[in-house]
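Next come the chains, spelled out residue by residue.
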Amino acid sequence: MTNTFLYQNSKDFFRLKGDQLFALKKLGIHTLQDVLYHFPTRYESSTSAKLIQDLIVGESVTVYGKISSLKTGKSFKSHVTKAEGWLDDDTSRLKLMWFHQPYIAKLIQNDSLVKVHGKVTERNGQLSMLNPEIEPISAIPNGIGDDLFSSGPNEFGEVDGNSANFGQIPVYAESKGITSKWFFHAVQKIFRHPEFAYIQDPIPTEILKKYNLPSLQTALVWIHTPKKDADAKVAEKRFAFEEIFYIQLKNEFIRAEQSAEQSFVIEKSTDELANFTSRFPFALTEGQQSAIDTVLTDFKTGHPMSRLLEGDVGSGKTAVAAVTTYATVASRPKGQDFGTLQVAYMAPTEILARQHFESFIQYFKHMPISIGLITGNGCRKFPSKINKDGWTDISRTQFLKWVASGEISVVIGTHALIQKSVDFKHLAYVIIDEQHRFGTAQRQKLTKKNVKGVSGMSDTGGMNGDSNNGSSDNNEKPVKVSKFKTTPKTFGVPHLLSMTATPIPRTLALTMYGDLDLSILDQMPSGRKKIITEIVGNGGKAGKKSDRSTVYEHIRSELKAGRQAYVICPRINEPDPEKEQSVLARSVKEEAKRLKSDVFPEFRIDIMHSKMKPAEKEEVMERFSRHEIDILVSTSVVEVGVNVPNASLIIIEGGERFGLSQLHQLRGRVIRGNHQPYCYVFTSDSASGGKSKSSEKTIERLKALATAKNGFELAELDLAQRGAGELYAGKQWGLSDIAMNAIKNLKMVEAARNEAQAVVRTYGKMVEMQSAEPLLTDILRRKRDVHFE
């Protein structure tokens, strides 16, 4: 039995065409189930509206009134088309502006009554809303909201009922051609269909009863037409549990499949490992040693390891990767005639790949181990036949042959590693650096390099549309496929170590990375000095008593002593003052000019941002690494993990525009050396010239950056304060807002995981669940893939 009614095409059911059909496709809506799972973004009633005189800058609110003075025009600076007008109620006036939407002035008639919803801003002392939602109404509501629930026929020619049947007005995300009102009527049309009464719940009944969750049918009605707030909350809880449960179930089936696979048994004695690490110029921390021991234990099981190594900024993940790489390439598995095993180390950008290549040369130069580097711009091999202490450039064809024959044991590269032309002889260990920058499919392609017939690649070396999720700036040259015969592949599935320098809250890790075991590095190598962080707010101060001028003087003294500095800005170019509220947000280009002319004329200053070509960014970073640049003004594109030990200063402009975890990542750029690091976070000047409640709240949030013990503590604070959707880009993952907010609930996440584990223990494989739980199996197959990035 399946819910075939829900899988009907929405185009046929609603007889869609033109703009409506295009709008639904843009929203990712194709079936009736998609329509029903397009949940309201909020609910309204007359009590949620405000008078204009009571509006507060920064709040999102609904306002009713009469609109006048509608006209079209262009912004002064960027000449962007716009519509504008004034909204009046009995208390005051509100300026309304819509950029790129001049048609608004033609759709709405002057002196008509309207409902608008948007964020209140202020410019030159005048309250305004930019790009608000607007809807004509027949009368100002008195206790029941607008005329959405009128007793007349809707746009489908049917009657939904009147306001007495509904306690809350649902408001949906819209797209051009589809309004919130359309969604409400569409949902009601589905509810009235006879087959809706017979839809089946994919979640087993015993699970629903155990956690007091409503059935699918009841939850759908409650979330779209709640009579009271409690109805919507209970429905949200059910759908949050449902989505997390599906993710956990997929994760557990993946883990079950992995546990059945065979991998290389890798063992190395404690004495041999100690001899290798004795050459390091530093001592391993307890956290590093623990992570190494855990990985080596996984290596001995004979089943493929899948582990996430989560380390704070500068905690020494590369050293863990080096030691476990040594254990792999220096191992001779008992009873397995494989010769030298191989390691693949994938980094998101070329500059990071080159950095790892050079550091691995230092780790392994005393051993008879060949190390290779492959990127979209060429290949290198260490050691060189001419110079055994250095590397040499080699042709791609020769490089690929040596990798396929096993002559190159350690292969480091960018996403070029997953091209079809790269073939390994005995790939035993895969390391993914900054794993969140790669798609799940990309990582799977690398770990399947030893499996016959598995490539998933086109003959052109493309990634078949797989998103690179963060390495889009790489834009490397396409790798051509070389036509040569390779050694037959073995069937061993390589071990996988994913690494990230982005601290992840426990609930998010349990959900998004539930198919991976977790190791944490929360200690810093000895000799590293704790960063001094100061927060400087609008007109006032937070943390230590610093202002811009004293910060600049301190930076000047450090630069004269030979240090280098980053200046991070939220924008590339100056904003259009008529288009943006944040007029005073500093931009890379203008800030670099200002610093050079007014503040640091005696120092070398350059810029970097995401609009630059990859080669240009690489060249700037190389010059900064060689100390040919004193101050680098950049957006947040500054590469995670790039090692410039001499850079010990960072200024972050517009600190309120970044999450705490992102700020922590940015300041991590200056803790690579042994010099005292400093981080100065400036907030934007208040538009009103004073301290608003919102600015005070911002300062309080940013103070945590100076007081938190580590990035993990900051990640938990960020999750609690801003929400997972804002913090971790839930839309990119494919998660609903409801599920992203539910991730903050540890009990719910653990409950969903426990129930998923119980289902997998019962059935073992998804195919065995088909007959017993057809609906659950069906929904797992139909559910859009979740991207764990």
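A brief report on the enclosed structure follows. (Residues numbered from 1 in each chain as written. Predicted model: local features only at pLDDT ≥ 70, side-chain atom pairs only at ≥ 80, totals over all residues. Heavy atoms only, no water.)

**With respect to the overall build of the chain**
- A tally of regular secondary structure across the chain gives 27 helices and 23 strands.
- Here the chain holds 789 residues, and the buried ones make up 55% of them.
- When contacts within the chain are restricted to residue pairs at least 6 apart in sequence, those whose partners lie at least 24 apart make up 72%.
- About 34900 Å² of surface is accessible on the chain, with carbon and sulfur atoms providing 49% of the total. (Helix = DSSP H or I, 4+ residues; strand = E, 2+ residues; numbered from the N terminus. Buried < 20%, exposed > 50% of the residue type's maximum accessible area, 1.4 Å probe, protein only. Contact = heavy atoms within 4.5 Å. Areas by Shrake-Rupley, 256 points an atom, 1.4 Å probe, with all protein chains shown as cover.)

**Describing the sheet that holds strand S19 (residues 564–568)**
- One open sheet accounts for six strands, arranged S18-S23-S22-S19-S21-S20; its pairing is parallel. Both edges of this open sheet fall to strand S18 (532–536) and strand S20 (605–608), since each of them pairs with a single strand only. Between one strand and the next, the sheet's axes are offset by a mean angle of 15°, whatever the strand orientation.
- Across five bridges, S19 lies against strand S22 (residues 647–652) in parallel orientation. Bridge assignment links Tyr566 to a residue of S22, and that residue is Ile650.
- Against the sheet, helix H16 (residues 548–560) contacts S19, strand S21 (631–634), S22 and strand S23 (678–682), and its axis sits at roughly 160° relative to S22.
- Lying over the sheet, helix H19 (residues 660–667) contacts S18, S19, S22 and S23, oriented at roughly 145° with respect to S22. (Pairing = 2+ DSSP bridges. Axes fitted to C-alpha atoms, helices over the stretch in contact; angles between N-to-C directions.)

**A word on the packing of aromatic side chains**
- Overall, the coordinates contain 25 aromatic pairs when judged by the stated rule.
- Consider the rings of Phe13 and Phe14, whose centres lie 5.0 Å apart with planes at 85°: the pair is edge-to-face. You'll find Phe13 and Phe14 in the same group, each marked buried.
- Between Phe276 and Tyr326, the ring centres sit 4.3 Å apart and the planes meet at 5°, which makes this aromatic pair stacked. Linking Phe276 in helix H9 (residues 270–277) with Tyr326 in helix H11 (residues 317–329), this pair joins segments that are 50 residues apart in sequence.
- Overall, Phe276 belongs to the buried group, its relative accessible area being 2%. (Phe/Tyr/Trp six-rings, centres within 6.5 Å; stacked < 30°, edge-to-face > 60°.)

**Notes on helix H12 (residues 350–364)**
- Relative to the 21 Å expected for 15 residues at 1.5 Å per residue, H12 spans 21 Å between its end C-alpha atoms, a close match to the ideal helical length.
- The buried count for H12 comes to 11 of 15 residues, which makes it a mostly enclosed element.
- Restricting attention to buried positions, one finds in H12 the residues Glu350, Ile351, Leu352, Ala353, Arg354, His356, Phe357, Phe360, Ile361, Tyr363 and Phe364. (Expected span 1.5 Å × (residues − 1).)

**A word on the pairing of strand S5 (residues 113–123)**
- Relative to S5, strand S2 (residues 60–74) runs antiparallel, the two sharing seven bridges. Looking across to S5, one finds that Ser60 is bridged to Lys119.
- The pairing of S5 with strand S7 (residues 133–136) spans four bridges and is antiparallel. Note on S7: the bridge partner recorded for Lys115 is Glu135.
- Relative to strand S6 (residues 126–130), S5 runs antiparallel, the two sharing four bridges. Within S6, the position partnered with Glu122 by the bridge is Leu127.
- Counting the residues between successive antiparallel strands, the hairpin from S5 to S6 contains two residues, one of them, Asn124, with a positive phi of roughly 55°.

**Remarks on the nonpolar core**
- Core analysis: the largest hydrophobic core is formed by 79 residues, its most contacted members being Phe360, Phe364, Ile371, Ile412, Tyr566 and Ile652.
- Residues contacting Tyr566, with those up to four places away along its chain left out, are Phe624, Leu632, Val638, Val644, Ala647, Leu649, Ile650, Ile651, Arg669 and Val670.
- Counting residues in each nonpolar core, the second largest holds 66 residues, with Phe13, Ile203, Tyr246 and Ile743 among its members. (Core = buried A, V, L, I, M, F, W, Y, C linked by side-chain atoms within 4.5 Å.)

**Remarks on the sheet that holds strand S15 (residues 427–432)**
- Taken together, nine strands build an open sheet; the order of strands is S13-S12-S11-S14-S10-S15-S16-S9-S17 and the sheet is mixed. In the strand order of this sheet, the two ends are held by strand S13 (392–394) and strand S17 (517–521), each with one partner. Going from strand to strand, the sheet's axes swing by 20° on average, the running direction of each strand aside.
- When strand S12 (residues 378–382) meets S13, the two strands line up antiparallel, connected through three bridges. Looking across to S13, one finds that Lys381 is bridged to Thr392.
- Running over the sheet, helix H13 (residues 396–405) touches strand S10 (342–346), strand S11 (371–375), S12, S13 and strand S14 (410–413) and is turned about 130° from S11.

**Considering unusual backbone geometry**
- Put simply, Phe382 and Pro383 share a cis peptide bond, and its omega is 0°.
- One can find Pro383 in the loop between S12 and S13.
- For His100, which is not glycine, the phi dihedral falls at a positive 65°.

**Quick look at the pattern of salt bridges**
- Under the definition given, this model contains 33 salt bridges.
- Residue Arg354 is joined to Glu622 by a salt bridge in which the shortest nitrogen-to-oxygen separation is 2.6 Å. Placement of Arg354 in helix H12 and of Glu622 in helix H18 (residues 614–625) is noted, with a sequence separation of 268 residues between them.
- Among the salt bridges present, the one from Arg586 reaches Glu591, with a minimum N-O distance of 3.1 Å.
- Residues joined in a network through salt bridges with shared partners are Glu350, Arg354, Asp606, Glu618, Glu619, Glu622, Arg623, Arg626 and Glu628. (Salt bridge = Lys/Arg side-chain N within 4 Å of Asp/Glu carboxyl O.)

**Concerning the side chain of His224**
- Summarising the element assignment, His224 is placed in helix H7 (residues 216–224).
- Ignoring anything within four residues of it in the chain, the contact list for His224 reads Val35, Leu36, His38, Phe39, Pro40, Pro170, Tyr172, Val187 and Phe191.

**A short note on the pairing of S23**
- The element S23 is largely enclosed, with a buried count of five among its five residues.
- Burial along S23 is two-sided: Tyr678, Tyr680 and Phe682 facing one way and Cys679 and Val681 facing the other are all buried.
- The sheet contact formed by S18 and S23 spans five bridges and is parallel. Bridging across to S23, Thr533 finds its partner in Cys679.

**Quick look at helix H2 (residues 18–26)**
- Taken as a whole, H2 has its buried residues at Leu21, Ala23 and Leu24. Down the axis, H2 shows its buried residues gathered within 160° of arc, on one side only. Structural note: H2 exposes Gly18, Asp19, Phe22, Lys25 and Lys26 on the side pointing more than 90 degrees away from its buried face.
- At its buried positions, H2 is contacted by helix H1 (10–14) and helix H5 (180–192).
- Two residues or fewer after H2 comes Gly28, characterised by a positive phi angle close to 75°. (Arc of directions from axis to C-beta.)

**Points about the packing of H16 against helix H17 (residues 588–599)**
- Relative to each other, H16 and H17 sit at 75°, their axes nearing to 13 Å. Here H16 lies roughly perpendicular to H17, going by the angle between them. Between H16 and H17, the residues in contact are Arg548, Tyr552 and Arg556 and Glu591, Arg594, Leu595 and Val599, respectively. (Parallel < 35°, antiparallel > 145°, perpendicular 65-115°, else oblique.)

**Looking at the environment of Lys95**
- Inspection of the secondary structure puts Lys95 in strand S4 (residues 93–99).
- Note on Lys95: relative accessible area 16%, which makes it buried.
- Apart from the residues lying within four places of it in its own chain, the contact partners of Lys95 are Glu84, Gly85, Trp86, Gln126, Leu127, Ser128 and Met129.
- A polar atom in the side chain of Lys95 sits 2.9 Å from the side chain of Glu84. (Polar contact = N/O pair within 3.5 Å; in protein donor to acceptor, adjacent residues only side chain to side chain.)

**Looking at the packing of helix H10 (residues 286–299) against H11**
- Two elements in contact, H10 and H11, have axes separated by 10 Å at closest approach and are oriented at 30°. You can see that H10 and H11 cross each other, and the crossing is right-handed. Residue-level inspection shows Gln288, Ala291, Ile292, Val295, Leu296 and Phe299 of H10 in contact with H11, the latter providing Ala319, Val320, Val323, Thr324, Ala327 and Thr328. (Left-handed = near helix turned anticlockwise from the far one by under 90°.)

**Here we look at the environment of Leu87**
- Examined against the element boundaries, Leu87 turns out to sit in strand S3 (residues 81–88).
- By relative accessible area, which is 0% here, Leu87 ends up buried.
- Spatially, the C-alpha atom of Leu87 lies 9.2 Å from that of Leu113, the residues being 26 residues apart in sequence.
- Discounting chain neighbours no more than four positions away, the residues touching Leu87 are Ile52, Val63, Gly65, Lys66, Ile67, Ser92, Arg93, Leu94, Leu96, Val114 and Val116.

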